[in-house]
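# Structural description and commentary
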Amino acid sequence: MNIGFIAHDAKKKLMQNCCIAYRGILAKHDLFATGTTGRLIQDATGLQVHKFLEGYVGGEEQMSAMVEQNQMDLVLFFRDPEEMSTSYNDVADLSKVLRMCDLHNVPLATNIASAEILLKSLDMGDLDWRVMYRSFE
């Protein structure tokens, strides 16, 4: 399955720690991330990560496009609600990722609690329906 990762600056260390903890599960899947997040995950875990552009220069849009094309099966988007920029582009990109996940029934975690539940579910096969769903789109 294809798993996407996005993390705002204040959440990047948390994303790294999550990926270290669940390295065994993640190693079985194809990983995609915005630039810096992908590099940090790869450096911390040794896992191969397909890296998009940096989030603020188009990486979040690239992730949205994969979701929109139904090529992403799970997204972990650790966002920092305390420090989110109110610039139009950041809000529009954020909204697009969330909207695309909703439109295409892509499971989305925006915090560590929901990420752990989804990753454990992924490991147990509870998200295998995504493969079938993707083939019907």
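Coordinates for the structure precede this section.
Everything quoted here is computed from the prediction, not taken from an experiment.

## Focus: the packing of helix α1 (residues 12-21) against helix α3 (residues 35-45)
Running from N to C, α1 and α3 point in directions that differ by 40 degrees, and their axes come no closer than 9 Å. Between α1 and α3, the angle falls in the class oblique. Our pair here, α1 against α3, has a crossing hand that is right-handed. In this structure, α1 uses Lys 12, Met 15, Gln 16, Cys 19 and Ile 20 to contact α3, whose residues at the interface are Thr 36, Thr 37, Leu 40, Ile 41, Ala 44 and Thr 45. Its residues assigned to classes, the contact of α1 with α3 shows six nonpolar, four polar and one charged.

## Let's talk about helix α6 (residues 112-124)
Its 13 residues give α6 an end-to-end C-alpha distance of 18 Å, which sits within 8% of 18 Å, the value for a rise of 1.5 Å per residue. Considered for burial, the residues of α6 that qualify are Ala 115, Leu 118, Leu 119, Ser 121 and Leu 122. Here the buried residues of α6 occupy an arc of 160 degrees about the axis, which is enough to place them on one side. In α6, the exposed positions angled more than 90 degrees off the buried face are occupied by Ile 117 and Met 124. Turning to α6, the residues buried within the fold contact β1 (2-7), α1, α2 (23-26), β4 (74-78) and β5 (108-109). Put simply, Asn 111 is the residue that caps the front of α6, since its side-chain oxygen is 3.1 Å from the backbone nitrogen of Ala 113. Following α6 by one or two positions, Gly 125 adopts a phi angle in the positive range, close to 90 degrees.

Procedures and definitions
Residues numbered from 1 in each chain as written. Predicted model: local features only at pLDDT ≥ 70, side-chain atom pairs only at ≥ 80, totals over all residues. Heavy atoms only, no water. Axes fitted to C-alpha atoms, helices over the stretch in contact; angles between N-to-C directions. Helix = DSSP H or I, 4+ residues; strand = E, 2+ residues; numbered from the N terminus. Parallel < 35°, antiparallel > 145°, perpendicular 65-115°, else oblique. Left-handed = near helix turned anticlockwise from the far one by under 90°. Contact = heavy atoms within 4.5 Å. Nonpolar A, V, L, I, M, F, W, Y, C, P; charged D, E, K, R; others polar. Expected span 1.5 Å × (residues − 1). Buried < 20%, exposed > 50% of the residue type's maximum accessible area, 1.4 Å probe, protein only. Arc of directions from axis to C-beta. Polar contact = N/O pair within 3.5 Å; in protein donor to acceptor, adjacent residues only side chain to side chain.

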